[in-house]
Amino acid sequence: RSSSGSSSGSGPTRRLAYVLGLHSEAVLLMRVFGRRSPRLKREALAYVRTASEASGLSRALTAAAEGGGSKDAFGRTYSFWPAADAEALLEIVKRDATDPRLPNPLLTATHGLIALAAAHDATAVRAPDAPALRSEARAAFTLTRALSPVDEVAAVGMRELEQLMATAAAAAASGSGSSTAGAEEEDEASLAGAAYDFDEAHVAGTDELHARLRRFLAMQRRAAAWVAGELAGDGEEPDAPPRVLLAALPNVGLGNQAIVAASFMAHALLTDRALFFLSPDLQCSDSEDGDDREGIRSHNALLCDAFDLVGEQRGRPLWRLVDVLERSKAPGRMANLHALVEPATVGGGGGSAASNYRALRLRLLPGQPQPAPGRYSTVEHLTCSADSPPPSSDAPAPGPRVLALKTPLWYVPLLELNGHGFREDIARLFSPSGAYVDGPSLELTGADAKGEEVMRDIFGPLLRFLLPPKRAILREARAFLRQHSLIAGAAGDAAASGARELMAVHVRVQDSTRDTAEAGRASYARLEASIKRCVASRVANLTGISSSGATSATSTAAAAAAAPAPKRVGVLVASDKASLRTRLVAGFRASAGVAAAGHYAPPAGSFLGDAASRNTANGWRTAAVELLALAHATHLLQAGNHAFSSFGMTAAHLLPHETKQTALSHPCDEEWGAAAGEAECIAQEHPQPWLNLRWPVLDSAAERKRVGCTLRDANGVAMPLVHRLQARGAMELNCPELHAMARRQKLFRNQQKEEL
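Numbering of residues starts from 1 in every chain and runs along the sequence as written. A pLDDT threshold of at least 70 governs which residues receive local features in this predicted model, and a stricter bar of 80 or more applies before side-chain atom pairs are shown or counted, although totals over entire chains, interfaces and linings include all residues. Note that the side-chain values use all heavy atoms of the structure and ignore hydrogens as well as water.

J.: Even after reading the chapter, I still don't get the packing of helix 5 (residues 105-124) against helix 6 (residues 130-147), so can you show me in this structure?
T.: A pair of packed helices is characterised by two quantities: the angle between their axes and the separation of those axes. For helices, the fitted axis covers only the stretch in contact; all axes are lines through C-alpha atoms, and the angles between them, taken along N-to-C directions, range from 0 to 180 degrees. Segments assigned H or I by DSSP are reported as helices when at least four residues long, segments assigned E as strands when at least two residues long, and all are numbered from the N terminus. Axis separation between helix 5 and helix 6 bottoms out at 8 Å; the angle between their running directions is 160 degrees. One finds that helix 5 runs roughly antiparallel with respect to helix 6. The way helix 5 lies across helix 6 gives a crossing that is left-handed. Contacts between helix 5 and helix 6 involve Pro105, Thr108, Ala109, His111, Gly112, Leu113, Ala115, Leu116, Ala118, Ala119, Ala122 and Thr123 from the former and Ala130, Leu133, Arg134, Glu136, Ala137, Ala140, Phe141, Leu143, Thr144 and Leu147 from the latter. All residues other than Ala, Val, Leu, Ile, Met, Phe, Trp, Tyr, Cys, Pro, Asp, Glu, Lys and Arg, Gly among them, are scored as polar; the first ten of these are nonpolar and the last four charged. For the contact of helix 5 with helix 6, the residue count by class is 15 nonpolar, five polar and two charged. Convention used here: angles under 35 degrees read as roughly parallel, angles over 145 as roughly antiparallel, angles from 65 to 115 as roughly perpendicular, and any remaining angle as oblique. By convention the crossing between two helices is left-handed if the near helix lies anticlockwise of the far one by an angle smaller than a right angle, and right-handed if it lies clockwise. Here, residues are in contact when the closest pair of their heavy atoms is within 4.5 Å.

J.: Please explain helix 18 (residues 459-466) as it appears in this structure.
T.: Given 3.6 residues per helical turn, the α-helix brings residues three or four places apart onto the same face. With eight of eight residues buried, helix 18 lies mostly within the body of the structure. Those residues of helix 18 that are buried are in contact with helix 9 (200-203), helix 10 (207-227), helix 11 (254-271), strand 2 (274-278) and helix 24 (646-651). Here the term buried applies to any residue with accessible area under 20% of the maximum for its type, exposed to any over 50%, and partly exposed to those in between, with areas from a 1.4 Å probe on protein chains only.

J.: Teacher, can you tell me more about the state of the cysteines here?
T.: What is meant by a disulfide is a covalent connection between two cysteines, made through their sulfur atoms. Criterion for a disulfide: a pair of cysteine sulfur atoms at a distance within 2.5 Å. This structure, assessed with the given rule, holds three disulfides. Cys534 shares a disulfide with Cys681; S-S distance 1.9 Å. Disulfide Cys534-Cys681: the torsion about the S-S bond is 65 degrees, which places it as right-handed. Placement of the pair is Cys534 in helix 20 (residues 524-543) and Cys681 in strand 16 (residues 681-683), with a sequence separation of 147 residues. As far as burial versus exposure is concerned, Cys534 and Cys681 are alike and both buried.

J.: Whenever I open this one, the sheet that holds strand 6 (residues 402-406) confuses me. Can you help?
T.: Sheet strands pair via backbone hydrogen bonds, and the direction of the pair is either parallel or antiparallel. For two strands to count as paired, DSSP must find a minimum of two bridges between them. Taking strand neighbours across the sheet as the criterion, the four strands line up as 2-1-6-5 in an open arrangement whose pairing is parallel. Here the strands that pair on one side only, and so sit at the sheet edges, are strand 2 and strand 5 (357-361). On average, each strand axis in the sheet is tilted by 20 degrees relative to the strand beside it, whichever way the strands run. Summarising the sheet, strand 1 (residues 244-248) and strand 2 pair through five bridges and their orientation is parallel. Looking at the pairing, Ala248 lines up with Leu278 of strand 2.

J.: Is there a simple way to think about the nonpolar core in this case?
T.: Among soluble globular proteins, nonpolar side chains are generally buried collectively. Counting residues in each nonpolar core, the largest one holds 173 residues, and the members touching the most others are Leu254, Leu275, Phe276, Phe277, Trp319 and Tyr411. With 12 residues, helix 11 is the largest single contributor of residues to this core. Setting aside its immediate chain neighbours within four residues, Phe277 contacts Ala247, Leu249, Ala261, Phe264, Leu309, Trp319, Arg320, Leu321 and Leu466. Judged by nonpolar contacts, the second largest core, of 24 residues, contains Val505, Val539, Leu580 and Leu637. Residues enter a nonpolar core if they are buried and are Ala, Val, Leu, Ile, Met, Phe, Trp, Tyr or Cys, with the set joined through side-chain atoms within 4.5 Å.

J.: Any chance you could explain the packing of aromatic side chains here in plain terms?
T.: Both the distance between ring centres and the angle between the ring planes are used here to describe each pair of aromatic rings. Ring geometry is summarised as follows: Phe, Tyr and Trp rings, the Trp one being its six-membered ring, pair when their centres sit within 6.5 Å, and such pairs are stacked at plane angles under 30 degrees, edge-to-face over 60 and tilted between the two. Counting across every chain of the model gives seven aromatic pairs. Measuring from ring centre to ring centre gives 5.1 Å for Phe198 and Phe465, while their planes differ by 85 degrees; the resulting arrangement is edge-to-face. Of this pair, Phe198 sits in the loop between helix 8 (188-192) and helix 9 while Phe465 sits in helix 18, and the two are 267 residues apart along the sequence. By relative accessible area, which is 8% here, Phe198 ends up buried. On the basis of relative accessible area, Phe465 is assigned to the buried category, the value being 1%.

J.: Would you mind showing me how to read the sheet that holds strand 11 (residues 594-598) here?
T.: With mixed pairing, six strands are arranged side by side in an open sheet as 11-10-9-14-15-16. Each edge of the sheet is formed by a strand with only one pairing partner; in this case those strands are strand 11 and strand 16. Ignoring which end each strand starts from, the neighbouring axes of this sheet average 25 degrees apart. In terms of strand pairing, strand 14 (residues 635-639) meets strand 15 (residues 660-664) through four bridges, oriented parallel. Each bridged residue has a counterpart across the sheet, and for Leu636 the counterpart in strand 15 is Gln661. Along the sheet face, helix 22 (residues 578-589) touches strand 9 (501-507), strand 10 (569-575) and strand 11 and points at about 170 degrees away from the line of strand 10.

J.: For this particular structure, what's the right way to read the packing of helix 11 against helix 18?
T.: For the pair helix 11 and helix 18, the least separation of the axes is 9 Å and the interaxial angle reads 95 degrees. As the angle between them shows, helix 11 and helix 18 are arranged roughly perpendicular. On the side of helix 11, the interface is formed by Ala258, Ile259, Ala261, Ala262, Met265, Ala266 and Leu269, while helix 18 contributes Phe459, Leu462, Leu463, Phe465 and Leu466. Taken together, the residues of the contact of helix 11 with helix 18 break down into 12 nonpolar, no polar and no charged.

J.: Help me understand the pattern of salt bridges, please; the structure alone is not making it clear to me.
T.: It is possible for side chains bearing opposite charge to pair when their charged atoms get close. Here, a salt bridge means any Lys or Arg side-chain nitrogen found within 4 Å of an Asp or Glu carboxyl oxygen. A full pass over the atoms with the stated rule returns 24 salt bridges. Put simply, Arg214 and Glu200 hold a salt bridge, and the shortest N to O gap is 2.3 Å. Placement of Arg214 in helix 10 and of Glu200 in helix 9 is noted, with a sequence separation of 14 residues between them. Here Glu200 falls in the partly exposed class, since its relative accessible area comes to 33%. Three or more residues joined by partner-sharing salt bridges are found here, namely Arg42, Arg49, Asp129, Glu136 and Glu326.

J.: What am I meant to see in helix 11 here?
T.: A helix is expected to reach a length of 1.5 Å times the quantity of its residues less one. Taking 1.5 Å of rise per residue, 18 residues should cover 26 Å, and helix 11 covers 26 Å from first to last C-alpha, within 8% of that figure. The first or second residue beyond helix 11 is Asp272, which carries a positive phi of 55 degrees.

J.: Any chance you could explain the side chain of Lys41 here in plain terms?
T.: Relative to the assigned elements, Lys41 resides in helix 2 (residues 38-54). Counted as a polar contact is a pair of N or O atoms within 3.5 Å, where, for protein atoms, one must be capable of donating a hydrogen and the other of accepting one, and residues adjacent in sequence contribute only when both atoms are in side chains. Polar side-chain contacts of Lys41 include one of 3.1 Å to the side chain of Asp121.

J.: How should the confidence of the model for the chain be read in this particular structure?
T.: The predicted coordinates ought not to be read in detail in places where the model reports low pLDDT. Per-residue confidence from the prediction method is given by pLDDT, with values spanning 0 to 100. For the chain, the mean per-residue pLDDT works out to 76, and 70% of the residues sit at or above 70. Across the chain, element-level confidence peaks in helix 18 with a mean pLDDT of 96 and bottoms out in helix 8 with 31. Confidence over residues 490-496 falls short of pLDDT 50; this stretch has seven contacts with residues more than four positions distant or in other chains.

J.: Would you mind showing me how to read the pairing of strand 1 here?
T.: The side chains of a regular strand alternate between both faces of the sheet. Among the five residues that make up strand 1, five are buried, leaving the element largely enclosed by the rest of the structure. Neither face of strand 1 is open: one carries Val244, Leu246 and Ala248, the other Leu245 and Ala247, and all of them are buried. Read as a crossover between parallel neighbours, the route from strand 1 over helix 11 to strand 2 is right-handed. Inspection of the sheet shows strand 1 paired to strand 6 by five bridges, in the parallel sense. In the strand pairing of strand 6, Leu245 is matched with Leu403. When the strands point away from the viewer and the path from the first strand over the helix to the second turns clockwise, the crossover is right-handed.

Encoded structure:
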């Protein structure tokens, strides 16, 4: 704390906290996650490098690297600098250190140990940067001994490094090893001018969105080059730091990861921020810590198994912060990272310092009857802040240069409520999704809420822009569908006679709100029977063939003769309960109007119990193939868990064709007193993801103070935050919302049941 008692602290105190935070993060990655993970060792190295540079040790480390290995008069090589040279190093440290407390052997020895660990991995595969990593470790240990001549960590580290260098020299002399050192260097000029762009037909959406995405991708490339230290200043003025959204990918399932990534993309697009992802606790290899008993069993399906990231041509990192930092060895690139968050002086001279960094967290609220009173700072920032670039170069930026956000939620509905031009921007960029939701009745205030809230198709285009499916996964999904005649193949293929229309059924038995039981209103038997009735109804609508196999009675003979042949419908089943999906497939194969039915059977070892394993790369790859298979459907029935699963929601938007979504009301239908087949097969009016915050729809003084800005409905009426979210269909879908959709679609046979 500063002498005035404020928590902001003085400049040196902030710098000290910043360096110690980076150092702690590096140690955490190494000790907890990265002991066997080459990728996480590199991430830890990026953090500790930044800590050393922020401490002012860059020139000292460079001098130590250049001076190490000098020989004395007898021809002996010094592992460490002689005493006179050590004094020279200390003079550099004294002159450059940003805080006299920061040049500490603990920090420099940590730098050396992490660089040594990375050097071991690089030397084993003879990577091109192995010599540089060994030199970096030697420099850090040399500087440590200059700061503390008796430091045992540096002494042990240097002995291990000398053994590693001897091993590398022997391997080079024998020509052994699986070398990648001979790989051709990328043609930087060619790569910089490569016209790699996204596929507009795959993204779909409006022309204005495509133009905006092209500008955004150019900005993202420039920001990545700036962070990597590849942009030298124009003349004497350095390039201005980019405005950045640091997005922490959550440790959740594949569907939720995709939804959150698209949410971050929407946020960055609307606020003109470059987007960089952080995922230190998620990895790609089963051999890395985190996928075994010692770790946290976390696998990054999104960025490893299912999708590519747009613009990362020939492996050129563009979106993952640590990979961007490591893509270049430009001197001082770590200083760029520090410059992003360096406090800016306000008012010149002796003015106060304003932080250029802000961290926010948005998560599900604790289960309680009513949210705790008071403002929710993250929600307020998203709904009220003018977090956009300044209108001119002279105007101050309305938000921090770097905004870090961690959330497992689709939070775009909060941005849609923001009145600082975001709503207008969304209306220009995104077309309506085809579903409209009536505003809630505000009887407590007497407000007229009959205005319509236009829902925009935001999730699909941004998901398809940012995360195009991996071609290998897409090929495997299509091969499975054709093999089982669920879709037609090309002319002449064995699957050419396959189904021409694909209906997908995604059943989530693992219900987050209640236990699906063997008996009772939430039983498997009722769920299964309801699914079969709903599918039969949808198939009859598509083919004109009733469940009995007869042509619809409404069709006359003349009309039937003139009409095209009935569509061939295939039914794909995906579920987290093996016995249920097996029974459903068997039943559908015997159903009228169904040409083929099946479920994906993965390679052995990919399932953990009844569903894809979240602990292995094979399990996540299986989930990715199943997701892409579901994405080919033009009709998607979601059953269980109140008709919501992020997996099914993501599948419905992965490919650019329209997917009609149907919600199964089980087990809500029994609460309404509905007869079998009545009000259970509901057209989904909420085709976009939901915020999934569980707030009671209250109109109280406390709720009207939830955020500091005034939120108005389509008629200009001021409303509490929860009412605005409810009106936009952003809250969690439960029985009352399903009932409202069924009532609007007139699925009840009599008024008495409708009133229930």
